[in-house]
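Commentary on secondary and tertiary structure
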Amino acid sequence: MTSLRIFAIGGLMSFRALFGFMSPWIYIPTLVVTPLFQILLFVFIGRSAGVESDTFYVVGNAIQYSSVPCLFAMTFTIAGERFNQTLGPVLVSPAGRLPLFLGRSLPVIVNGAFVGALSFTLGSLVLGVTVPASAVAPLALVIVLASASCTGLGLVLAGIGLRVREQAVMLNIVFGLLLIFTGANVPIEQLPEWMEAISRLLPFTHAIEAGREVVAGSGLGDVSGLLLRELAIGVVYAVLGYRFLRFMERQGRIHATLERA
Amino acid sequence: MPPVVEAIDLHRTYRTTTGTFRRRSLEVEAVRGVSFEIAEGELFGLLGPNGAGKTTTIKMLITLLIPTSGQARVLGRDVVEDAHWVRERIGYVFGGDRGLYERLSALDNLRYFAELYGVEPRSQRARIGELLELVGLEGREKERVEGYSRGMRQRLHIARGLLHDPPVLFLDEPTIGVDPVGARELRATIAGLKAAGKTVLLTTHYMFEADALCDRIGVVAKGRIVAEGTPRELKERVAEGVVVEIEVYGIEDDRVEALRRIDGVTSVAVEDRDQAQVVVVQAEPGREPTHDVLARLDGVSLGRVTTREPTLEDAYVALVTEEREQVSD
Amino acid sequence: MLSQSAFDGLLAILWPLFFGTVAFFMFRAGGDPDTLVYASLGAAVMGVWTATSVSAGSALQRQRWHGTLELLVAAPTHFSLTLLSMTVATSTIGVYCMAGTLFWGRVVFGIELPLEEPLALAVAIPATIVSIGLLGFLLSVTFARYRTAWTLGAMLEYPVWLIGGFLVPLTLFPGWVRPISWALAPTWGMNAIRDAATGSGSAWPDVAMCVVLGAAYTATGVLLTNRILFAARQRATLSLT
C-alpha cells in the first residue's frame, strides 16, 4: 500500500517538483513549437534532396523529439534532487527504492507520449499528411511504447546525472545521437553497418519503423515483432538504470560522492 | 537503560581529487574517533567550529554515510546493518535554506515526505495540520516554498523531520542564517521537542544556543570530541581561572607564541575586531598574568586592557584553540 | 544550455555536427553532389546561429542569476555596448563550429569545397558572423522582459536554419515566407558565402545587405535597450530572477 502510494502519488509529485518545463512559458516553445519546426526542417531537407516522403519525416521526428521530454524529465526528476539538495532527506527516508525511482517514470512516459502525439498531429496538419482512421489507435500505442522505452534510457542517464554536473550537455548529446542513429531521418539501412548495429540497440529505432508501417496501413499484428523488440530494449535499459541508481546510492554512502552539489 | 544513540570511535575519511589532468588524490580525515552516548529524552549538543566534523558525524548516524571505521547504534540497532529499521525511527533536519522543493507548496512538500515515510493516508491530513501549527506556518502552507523566508524554510524543515513522529531527532545547525527573533522561536520549538520526550542530537556553533538548550555538550574540534559534559561542568573547567583581554593594533605570530609560553597561561586566542585585534589570554586559577603579558607586548600599540571571569565561550575557545595547537605541532 | 564551461564548448561544436551528419546522409542519398556542397556550407554556419540564439536568450537572464545585471547597468559604460560585446563575442565562438563542420564534411563525407573568390569569402565570413551576433543582440534585448527567455532563443534555432536558407533553397517555401527571410541578415550572409565559394555570382551585394541589416539591428537594439532599462528602473524589475 505504502509502496503503491509512493509509486503513484510520490512519482507525480516529484515530477511536478523537479521538472520545470511544466510552465507554459517553457512547455510551449520547447515541447510544442520546436518539435514542429524539427519536423519542418527535415521535411524540407528531404524535399530538397528528393529522398523520402513527408510522412517518413513526420513519423520519425515526432517520435524522436519525444526524447526531449523523456530524457530531460527523467534525469531532472532524479538527478535534480542533488541540485536541489533534497537528495539527503529523500535517501534518509525508509521509502522503498523501487517505487521511489520507478514511480517517477510514469508521469514522464505520459508526458513524453503526449509530446510525441501532439507533434505528429501538428506536423500532419501543417503538411497535409493524412493517416487512415484505422491507424490512429495503433500509432498511439507505438508512440506510448516509444516514450516508455526512451524513459528506460532516461533512468540510466539519471544515474549518470547524479555524478556529472553538466546534465543538460549530456542530454543534448544523447538527443543528437538519437537523431542520427534511430532512423528518424536516414533509413538505418543507408547507414554504415556498424552504425546500423548500434541503431538496433537504441530506443525508438523499432518504434519509428513500426510507426511508419502502421501509418502505411499495416495492422498491429504485422508490427508486433518490432513493438516487442522496442519494449524489450526499454525494459533492459530500465533495469540497468535502476541497478545503476542503487549502485550510485551505495557508492554515495561509502565514498560520500553524493554530498557535494 | 541502554543509550538511544551511541557512537563508538567513529572515523570518516573523504577522498578528494584535485587537478584536471594530473589528478592527485587527497585524503581528508573529517572525523577521527568520535564517541558519545545519548540517553532517552536527552538533548545532546555537538558544539564546534565550521569544518570540525559535526555534519559528517550526523550523516553517519542517520545512515547517509558509512563510517570508515567505528560503529554507531540508534535505539540499539547498528546504523549500517539495520539502515532501513533506523530510518523509520529517526527524523533529520538540516540548516540552511536549501533542501526543499521550491516549486511545491509547503503542504505538498510535507505530503510528499509523508508518503515517503509511509504515514497512514487517513491520519496524514491531521498530522500535517498539527505540525504546521507547531512550527507556526498555518495559513501559509498553500504558498510555494520559493517565496519563503529563511526562518519559514527552517521551520518547514523541522515539520518535515517530525512527520512520522520519530522518537529520535537529528538537528544539524537548525538556526544557521536565521534572524535573532526567528532563531529564538526555533529554539523554543526545539525545547518543546525535548519536553515532549524526544531524544535530540543538535549541532551548532553558537555557544549560547548550546548553553540554553542542551543537557550535555560534546565540544568537537578537528574531528574529535575534546570535552564533554553539562554546560555547567564545561564552564567550571575554566571558572576558577581568569581572562585578560588586551586590545592591540597589529600583532605578530611570534608575540602570540611568546604569550603562550608564559607560566600559568592556558590559552591565547586572537580575534579580529574592526581595525584592531583582541588578544584573549586565559590563565590558571590563582594566577594574575596581566603583568607578564604586558611585559611581552612591549612595543606593540595597545588599547584597552580588561580582566574578567571566564564564560562558556572562553571554555569553548580554550578547548578549540588547544586542539588546534596540538594538531599543528 | 545555460552554464558556460568546457562542456558547453564541446556541445557547441558537436551540435551542428549532429544535424550536419544527418543532412549529409540525406543529400548523399539524393545523389546530387552540388546539394552536398550547398549543405556543407550551410551546416557550417548553423553552429554560429545556434551559439548566438541560445546565448542571446539567456544573456540577460544569466546576469540576473549571478546578480550582476544591476552592477552592469550602474557601470559608466553604456549598457547596450556591454550587451553588444557579449553577444557578438558568443557568435564568434561559431568560428570553431564552422571549422569543425567543414572538417567533418571533408573527412567523413569527402565533401570538397570550391574556393573561387578567396577575398570575397574572407570578407563574407566575418560579415556573416558579426551580423548574426548583432541579430542576437537585438533578440536578447527584445527578450529581456521574459524570465524564460532561454526557451525563446532556443525556439528560434530551427526556424532561422530553415528560412535563412542554410540547408534548403528559399524557392522551396511558400511566397509569404520570403520577406521574412530577406529581413534576416544570415540569409544574405549565407548567400554571400555560397557565391564567394562557388563563384556562382558576385558576393558583394549580399555582403552589403548583410552589413546594412546588421547596422539596423544595432540601432534598433540600442534604442530598445534605453527604453527597457528606463522602464525597468522605474518598475524596479532589474534584479528579478
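Given the structure is predicted, the values throughout are model-derived calculations rather than measurements.

Attention now moves to the overall build of chain B. Along the backbone of chain B there are 11 helices and 14 strands. In terms of its C-alpha atoms, chain B occupies a principal-axis envelope of roughly 75 × 50 × 45 Å. By the burial criterion, 53% of the 329 residues in chain B qualify as buried. In chain B, the proportion of contacts linking residues at least 24 apart, taken out of those at least 6 apart, comes to 71%. Of the accessible surface of chain B, which amounts to about 15300 Å², a share of 45% is contributed by carbon and sulfur atoms. Across chain B, the mean location of the 44 positive side-chain charges is 7 Å away from that of the 55 negative side-chain charges.

Before going further, it helps to spend a moment on the domain arrangement of chain B. Residues and elements named next belong to chain B. What the domain assignment reports for chain B is domain 1 (5-229) and domain 2 (236-328). For domain 1 versus domain 2, the separation of C-alpha centres amounts to 35 Å. Counting from both sides, the interface comprises 11 residues of domain 1 and, opposite them, nine residues of domain 2. Counting the surface lost from both domain 1 and domain 2, the interface buries some 990 Å², and carbon and sulfur atoms represent 77% of this. If you sort the residues of domain 1 by the area they bury against domain 2, Met 207, Lys 222 and Val 226 come out on top, with a joint share of 45%. Linking domain 1 to domain 2 there are zero salt bridges. Here domain 1 and domain 2 share zero residue pairs in polar contact (both at pLDDT 80 or more) between them. At the level of elements, helix 7 (207-213), strand 9 (216-221) and strand 10 (224-229) are the ones that each hand at least two residues to the side of domain 1 that touches domain 2. Tallying contributions element by element places strand 10 first for the side of domain 1 that touches domain 2, with three residues.

Now for helix 4 (residues 121-134) of chain B. Taking 1.5 Å per residue, 14 residues should reach 20 Å; helix 4 of chain B reaches 20 Å between its end C-alpha atoms and fits that length. Among the residues making up helix 4 of chain B, those that are buried are Gln 124, Arg 127, Ile 128, Leu 131 and Leu 132 of chain B. All buried residues of helix 4 of chain B project into a common sector of 135° when viewed along the axis, lining one side. Residues of helix 4 of chain B that are exposed and point over 90 degrees away from its buried face: Arg 122, Arg 125 and Glu 133 of chain B. Packing partners of the buried residues in helix 4 of chain B comprise helix 1 (2-18) of chain A together with helix 3 (106-116) and helix 5 (150-162) of chain B. Gly 136 of chain B sits one or two positions beyond helix 4 of chain B and adopts a positive phi of about 75°.

This part covers the packing of helix 2 (residues 24-49) of chain A against helix 7 (residues 105-127) of chain A. Residue and element names in this part refer to chain A. Relative to each other, helix 2 and helix 7 sit at 50°, their axes nearing to 9 Å. Here helix 2 is positioned oblique relative to helix 7, judged by the angle of their axes. For the element pair helix 2 and helix 7, the recorded crossing hand is right-handed. Seen from helix 2, the contacting residues are Tyr 27, Leu 31, Val 32, Pro 35, Leu 36, Ile 39, Leu 40, Val 43 and Arg 47; seen from helix 7, they are Asn 111, Phe 114, Val 115, Leu 118, Ser 119, Leu 122, Gly 123, Val 126 and Leu 127. Taken together, the residues of the contact of helix 2 with helix 7 sort by class into 14 nonpolar, three polar and one charged.

The next subject is unusual backbone geometry. Comment: phi is negative for the bulk of residues other than glycine, and the bulk of peptide bonds are trans. All names here are of chain B. Positive phi values are uncommon outside glycine, yet Asp 9 reaches one of about 50°. Among the structural elements, Asp 9 can be located in strand 1 (residues 5-18). Positive phi is not limited to glycine here, since Glu 173 has a value of about 45°. Inspection of the secondary structure assignment puts Glu 173 in the loop between strand 7 (168-172) and helix 6 (180-195). The exposure class of Glu 173 is buried, given its relative accessible area of 12%.

Turning our attention to a nonpolar patch on the surface. A contiguous nonpolar surface patch, about 340 Å² in accessible area, is contributed by Leu 228, Leu 231, Val 235 and Val 239 of chain A. The class of Val 235 of chain A is partly exposed, set by a relative accessible area of 45%.

Now for helix 7 of chain A. With 23 residues, helix 7 of chain A ought to run about 33 Å at 1.5 Å a step, and its terminal C-alpha atoms sit 33 Å apart, in line with that. Downstream of helix 7 of chain A by one or two residues, Gly 128 of chain A has phi in the positive range, about 70°.

Generally speaking, a soluble globular protein has its nonpolar side chains buried in company with each other. Among the nonpolar cores identified, the biggest contains 248 residues, and Phe 36 and Phe 170 of chain B together with Phe 19 of chain C are the most heavily contacted of them. Of the residues that make up this core, three or more belong to each of domain 1 (5-229) and domain 2 (236-328) of chain B. Not counting residues up to four positions away in its chain, the partners in contact with Phe 19 of chain C are Leu 41, Phe 42, Phe 175 and Leu 179 of chain A together with Met 46, Tyr 158 and Trp 161 of chain C. Val 256, Val 265, Val 279 and Leu 297 of chain B belong to the second largest nonpolar core, which has 14 residues in total.

Glancing now at the side chain of Thr 101 of chain C. Within the secondary structure layout, Thr 101 of chain C lies in helix 4 (residues 79-109). Excluding anything up to four places from it in sequence, Thr 101 of chain C contacts Pro 16, Leu 17, Ala 43 and Ala 44 of chain C.

What follows covers the pairing of strand 8 (residues 199-204) of chain B. Residue and element names in this part refer to chain B. Counting buried residues in strand 8 gives six out of six residues, a clear majority hidden from the surface. Residues Thr 199, Leu 201 and Thr 203 of strand 8 are buried on one face, and the alternating residues Val 200, Leu 202 and Thr 204, pointing to the opposite face, are buried as well. Alignment of strand 3 (residues 43-47) against strand 8, held across five bridges, turns out to be parallel. Of the residues in strand 8, the one forming a bridge with Leu 47 is Thr 204. Once you follow strand 7 into helix 6 and on to strand 8, the crossover reads as right-handed.

Here we take up the sheet that holds strand 3 of chain B. Residue and element names in this part refer to chain B. Pairing is mixed in the open sheet, where six strands are placed in the order 6-7-8-3-9-10. Where the open sheet ends on each side, the last strands, each with one partner, are strand 6 (90-94) and strand 10. Pairwise comparison of adjacent strand axes, ignoring direction, gives a mean angle of 15° for this sheet.

Now for the packing of aromatic side chains. Summed over all chains, the structure comprises 27 aromatic pairs over all chains. Their ring planes at 85° and their centres at 5.8 Å tell us that Phe 72 of chain A and Phe 76 of chain A sit as a pair that is edge-to-face. Here the residue Phe 72 of chain A and the residue Phe 76 of chain A both occupy positions in helix 4 (residues 67-83), the gap between them amounting to four residues, near one helical turn. As far as the burial class goes, Phe 72 of chain A and Phe 76 of chain A line up, both buried. Here Tyr 101 of chain B and Tyr 112 of chain B contribute two aromatic rings whose centre-to-centre distance is 5.6 Å and whose plane-to-plane angle is 80°, an arrangement assigned as edge-to-face. Taken together, the residues span a long stretch of sequence, with Tyr 101 of chain B in the loop between strand 6 and helix 3 and Tyr 112 of chain B in helix 3 at a distance of 11 residues. Like Tyr 101 of chain B, the residue Tyr 112 of chain B is buried in the burial classification. These aromatic residues form a ring-pair network of at least three members: Phe 42, Tyr 65 and Phe 175 of chain A together with Trp 15, Phe 18, Phe 19, Tyr 158 and Trp 161 of chain C. Over the ring of Phe 113 of chain B we find Arg 160 of chain B; its NZ or CZ atom is 4.6 Å from the centre of that ring. Looking at Arg 194 of chain C, its charged tip hangs above the ring of Tyr 38 of chain C, at a distance of 3.3 Å from the centre.

It is worth spelling out the pattern of salt bridges at this point. All names here are of chain B. This structure, assessed with the given rule, holds 27 salt bridges over all chains. For Glu 173, the salt bridge goes to Lys 54, with nearest N and O atoms at 3.3 Å. Residue Glu 173 is located in the loop between strand 7 and helix 6, and its partner Lys 54 is located in helix 1 (residues 54-61); the two are separated by 119 residues in the primary sequence. For the salt bridge of Arg 187 with Glu 209, the shortest nitrogen-to-oxygen distance reads 3.1 Å. Placement of the pair is Arg 187 in helix 6 and Glu 209 in helix 7, with a sequence separation of 22 residues.

Basis of the calculations
- Residues numbered from 1 in each chain as written.
- Chains lettered and ligands numbered in written order.
- Predicted model: local features only at pLDDT ≥ 70, side-chain atom pairs only at ≥ 80, totals over all residues.
- Heavy atoms only, no water.
- Helix = DSSP H or I, 4+ residues; strand = E, 2+ residues; numbered from the N terminus.
- Buried < 20%, exposed > 50% of the residue type's maximum accessible area, 1.4 Å probe, protein only.
- Contact = heavy atoms within 4.5 Å.
- Areas by Shrake-Rupley, 256 points an atom, 1.4 Å probe, with all protein chains shown as cover.
- Lys, Arg positive; Asp, Glu negative; His and termini not counted.
- Charge placed at Lys NZ, Arg CZ, Asp CG, Glu CD.
- Domains from an automatic or database assignment.
- Buried area = accessible area lost by both parts, 1.4 Å probe.
- Salt bridge = Lys/Arg side-chain N within 4 Å of Asp/Glu carboxyl O.
- Polar contact = N/O pair within 3.5 Å; in protein donor to acceptor, adjacent residues only side chain to side chain.
- Expected span 1.5 Å × (residues − 1).
- Arc of directions from axis to C-beta.
- Axes fitted to C-alpha atoms, helices over the stretch in contact; angles between N-to-C directions.
- Parallel < 35°, antiparallel > 145°, perpendicular 65-115°, else oblique.
- Left-handed = near helix turned anticlockwise from the far one by under 90°.
- Nonpolar A, V, L, I, M, F, W, Y, C, P; charged D, E, K, R; others polar.
- Patch = residues over 30% accessible without salt bridge, like charges linked within 9 Å, V, L, I, M, F, W, Y side chains within 5 Å.
- Core = buried A, V, L, I, M, F, W, Y, C linked by side-chain atoms within 4.5 Å.
- Pairing = 2+ DSSP bridges.
- Right-handed = clockwise from strand over helix to strand, strands pointing away.
- Phe/Tyr/Trp six-rings, centres within 6.5 Å; stacked < 30°, edge-to-face > 60°.
- Lys NZ or Arg CZ within 6 Å of the ring centre and 35° of its normal.

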